[in-house]
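# An overview of the molecular structure
Listed here are the chains, written in short residue letters.
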Amino acid sequence: MKSNTLVIAHRGASGYLPEHTLPAKALAYGQGADYLEQDLVATRDDRVIVSHDIHLDRVTDVAVRFPGRVREDGRFYARDLDLEEIRTLNVTERVDAKGNAVFPGRFPAGSGQFRVHTFEEELSMIQGLNTASGRQVGIYPEIKAPAWHHQEGVDLSALTLGILETFGYRARGDNVFLQCFDRDETFRIRSDLQSDLKLIQLIADPSWNESGSDYAAMLTRDGLGDLAGFVDGIGPWLNQLYELQAVDGCPVSTGIAAHAQAAGLAVHPYTFRADALPPGFGDFDALMRFFVEELRVDGLFTDFPDKTAAFLRG
Ligand code: CA
């Protein structure tokens, strides 16, 4: 099939290489992604690095390298190391609290030589690839845990907007979506920080305690209408957009995607994983086909940009 639905590389080609490493980003670029995602957190010296969590212990050897930096909760925070210290860590495939690989079929946990990089370094690489290829692949940065960063005395959104400005991303038409789970921060980026960039409000499941935002309210028609006043789209959990019919177990829309689009919002659900299918779908193509042909979503956050691009572009 041919579709204009966007291929958004979730943490890079994270189905193949450790998430958020530059090799994973370069691979996603080569696999045909339209946008590459960057999760952003701040270091002790107020540098912005690309990493999924405020913690470093599930994706690096920080506990071995800097054992004295542990906090009372047993976790190691990027905020407690300077950038030059973080650069010495080895990045590996993600493990859980017990040290087991979260996705056992992926790149072997504990092997390979990979490094954490800064947001600027990734933007330089993507812009260089765009120059070399003639393509215009976009970026999709996420402000992680903004309330926590404010408590830590750092304005991550302001730092991020400054870097984006330096790299030429400043207007609504530029090739960037800026995303955040925290509604107060998304609103602040548009109002107080006066950003004109395309904004995406991420929507979590309420049980995850992702932020203080009321996600159930956001998914109502009134909530979506409220969001449309200051963001350009939503990034819902894909499970929020469908349900399984009691009679035959077939997936049907919850109506949320259509309500969002009727309010003028783009819909970019997460996360499409060929090796972790949600209930009701027998294979990855069936999953993508339902979201693209039935729900008509505008973009897919995928761990497998090659499979998603092949499906969408035929
Ligand atoms: Ca993210």
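Presented here is an overview of the structure given in this document. From a predicted model like this one, the values you see are computed outputs, not experimental measurements. Per chain, the residues get numbers from 1 upward, laid out in the order the sequence is written. Reporting of local features is limited, given that this is a predicted model, to residues whose pLDDT is at least 70; pairs of side-chain atoms are given and counted only at 80 or more, and all residues count toward the totals for whole chains, interfaces and linings. Side-chain numbers here rest on the full set of heavy atoms in the structure, without hydrogens or water.

## A closer look at the layout of surface pockets
Quantified by volume, the largest pocket comes out at close to 550 Å³. Contributing to the lining of the largest pocket are 26 residues, with Arg11, His52, Phe181, Trp208 and Glu210 lying nearest its centre. Of the residues contributing to the lining of the largest pocket, the split by class is twelve nonpolar, six polar and eight charged. Of the two site types, the cavity is a set of points on a 1 Å grid over the protein atoms alone where a 1.4 Å probe fits but cannot get out, and the pocket is an open set with protein on both sides within 12 Å along at least five of seven lines, each lined by residues with an atom within 4 Å of a point. Grid points are joined across faces, edges and corners, and a volume is the space filled by probe spheres set on the points. By volume, the second largest pocket is sized at about 170 Å³. In this structure, the second largest pocket is lined by Arg11, His52, Asp53, Arg58, Arg94, Val95, Asp96, Val102, Phe103 and Arg273. Lys, Arg, Asp and Glu make up the charged group, whereas Ala, Val, Leu, Ile, Met, Phe, Trp, Tyr, Cys and Pro make up the nonpolar group; the residues left over, Gly among them, are polar. Of the residues contributing to the lining of the second largest pocket, the split by class is three nonpolar, one polar and six charged.

## Some thoughts on the coordination of the calcium ion
The rule for donors is simple: N, O or S, within 2.8 Å of the metal, or within 3.2 Å if the metal is Na, K or Ca. Water isn't counted, so a site may look like it is missing partners. The coordination sphere of the calcium ion, as far as protein atoms go, consists of Glu37 (OE), Asp39 (OD) and Glu142 (OE), spread over 2.2 to 2.3 Å. Read from N- to C-terminus, the donor residues coordinating the calcium ion fall into the pattern E-x1-D-x102-E. On the criterion of sequence distance, the pair formed by Asp39 in strand S2 (residues 35–42) and Glu142 in strand S4 (residues 138–143) is long-range, its members being 103 residues apart. We classify Asp39 as buried; its relative accessible area is 1%. The helix count covers DSSP runs of H or I at least four residues long, the strand count covers runs of E at least two residues long, and both are numbered beginning at the N terminus. Note on classification: 1.4 Å probe, protein chains only; a residue is buried when its accessible area is under 20% of the maximum for its type, exposed when over 50%, partly exposed between these limits.

## With respect to the pairing of strand S7 (residues 233–236)
Both faces of S7 are covered, namely the face carrying Gly233 and Gly235 and the face carrying Ile234 and Pro236. With two bridges joining them, S7 and strand S10 (residues 266–267) adopt parallel strand pairing. Paired with Gly233 across the strands is Ala266, a residue of S10. Strand pairing is assigned whenever DSSP detects at least two bridges linking the two strands.

## Overview of the environment of Asp248
With respect to the helices and strands, the residue Asp248 is situated in the loop between strand S8 (242–244) and strand S9 (251–253). The class of Asp248 is partly exposed, set by a relative accessible area of 45%. Taking the C-alpha atoms as reference points, Asp248 and Thr308, 60 residues apart in sequence, are found 27 Å from one another. Side-chain polar atoms of Asp248 contact the side chain of Gln245, separated by 3.2 Å. For the purposes of these results, a polar contact is taken to be a pair of N or O atoms within 3.5 Å, where, inside protein, one atom must be able to donate a hydrogen and its partner to accept one; residues adjacent in sequence count only when each atom of the pair is a side-chain atom. At a separation of 3.0 Å, a polar atom in the side chain of Asp248 contacts the main-chain amide nitrogen of Cys250.

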